[in-house]
Amino acid sequence: MAIITIHPLPDGSLCLDAVRAQRIAKVAEMASRLVETGAFVDRSDAIMVLLSFGYAPFEVYALLPNVMQVALEHTVAMEMCEP
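Predicted model only: the values in this text are computed from it and were never measured.

1. As for the overall build of the chain
Broken down by element type, the chain carries three helices and zero strands. Counted from the first residue to the last, the chain has its helices and strands arranged as α-α-α. Expressed as a percentage of the 83 residues in the chain, the buried residues total 22%. Element-wise, carbon and sulfur atoms account for 64% of the exposed surface of the chain, whose accessible area totals about 6400 Å².

2. Describing the pattern of salt bridges
For the structure shown, the criterion picks out two salt bridges. As a salt-bridge pair, Arg33 and Glu36 come within 4.0 Å of each other at their nearest N and O atoms. Here Arg33 pairs with Glu36, and both are found in helix α1 (residues 13–37), just three residues apart, close to one helical turn. Classification of Arg33 as partly exposed rests on a relative accessible area of 27%. Owing to a relative accessible area of 55%, Glu36 belongs among the exposed residues under this scheme.

3. Notes on the packing of helix α2 (residues 43–52) against helix α3 (residues 57–81)
Where α2 meets α3, the axes come as close as 10 Å, and the angle between the chain directions of the two elements is 130°. Considering the angle they form, α2 stands oblique to α3. α2 and α3 meet at a crossing whose hand is right-handed. Facing α2, whose interface residues are Arg43, Ala46, Ile47, Leu50 and Leu51, α3 presents Pro57, Val60, Tyr61, Leu64, Val67 and Met68. Broken down by class, the residue content of the contact of α2 with α3 amounts to ten nonpolar, no polar and one charged.

4. Comments concerning the side chain of Thr75
Within the element layout of this structure, Thr75 appears in helix α3. Excluding residues that lie within four positions of it along the chain, Thr75 makes contacts with Val35 and Phe40.

5. Topic: the environment of Thr37
Assignment of secondary structure puts Thr37 in helix α1. Accessibility expressed as a relative area gives 40% for Thr37, which makes it partly exposed. In this structure, the C-alpha to C-alpha distance between Thr37 and Val49, residues twelve residues apart in sequence, is 7.9 Å. Sequence-distant contacts of Thr37, defined by excluding residues within four places in its chain, comprise Val49 and Phe53. Within the structure, the side chain of Thr37 is placed 2.9 Å from the backbone oxygen of Arg33, a separation counted as a polar contact.

Conventions used here
Residues numbered from 1 in each chain as written. Predicted model: local features only at pLDDT ≥ 70, side-chain atom pairs only at ≥ 80, totals over all residues. Heavy atoms only, no water. Helix = DSSP H or I, 4+ residues; strand = E, 2+ residues; numbered from the N terminus. Buried < 20%, exposed > 50% of the residue type's maximum accessible area, 1.4 Å probe, protein only. Areas by Shrake-Rupley, 256 points an atom, 1.4 Å probe, with all protein chains shown as cover. Salt bridge = Lys/Arg side-chain N within 4 Å of Asp/Glu carboxyl O. Axes fitted to C-alpha atoms, helices over the stretch in contact; angles between N-to-C directions. Parallel < 35°, antiparallel > 145°, perpendicular 65-115°, else oblique. Left-handed = near helix turned anticlockwise from the far one by under 90°. Contact = heavy atoms within 4.5 Å. Nonpolar A, V, L, I, M, F, W, Y, C, P; charged D, E, K, R; others polar. Polar contact = N/O pair within 3.5 Å; in protein donor to acceptor, adjacent residues only side chain to side chain.

Printed below as a string of structure tokens:
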């Protein structure tokens, strides 16, 4: 008779933490590109700028709303910090 041991697989946040961290880093990097070029207001400008920096089209279209949001939040925060 064989003894069978069942090991639970990690699920939930244990598996997704690395993916989330990569996504957050990619969004921050792309947002900094938009802020430095000033192309975070218009969607088509943002797409063209990100594609010109060599980001994959799927990545651009999948992350664009988050990227534009982060870029806008950064710009507003910087303007609020000015004396």
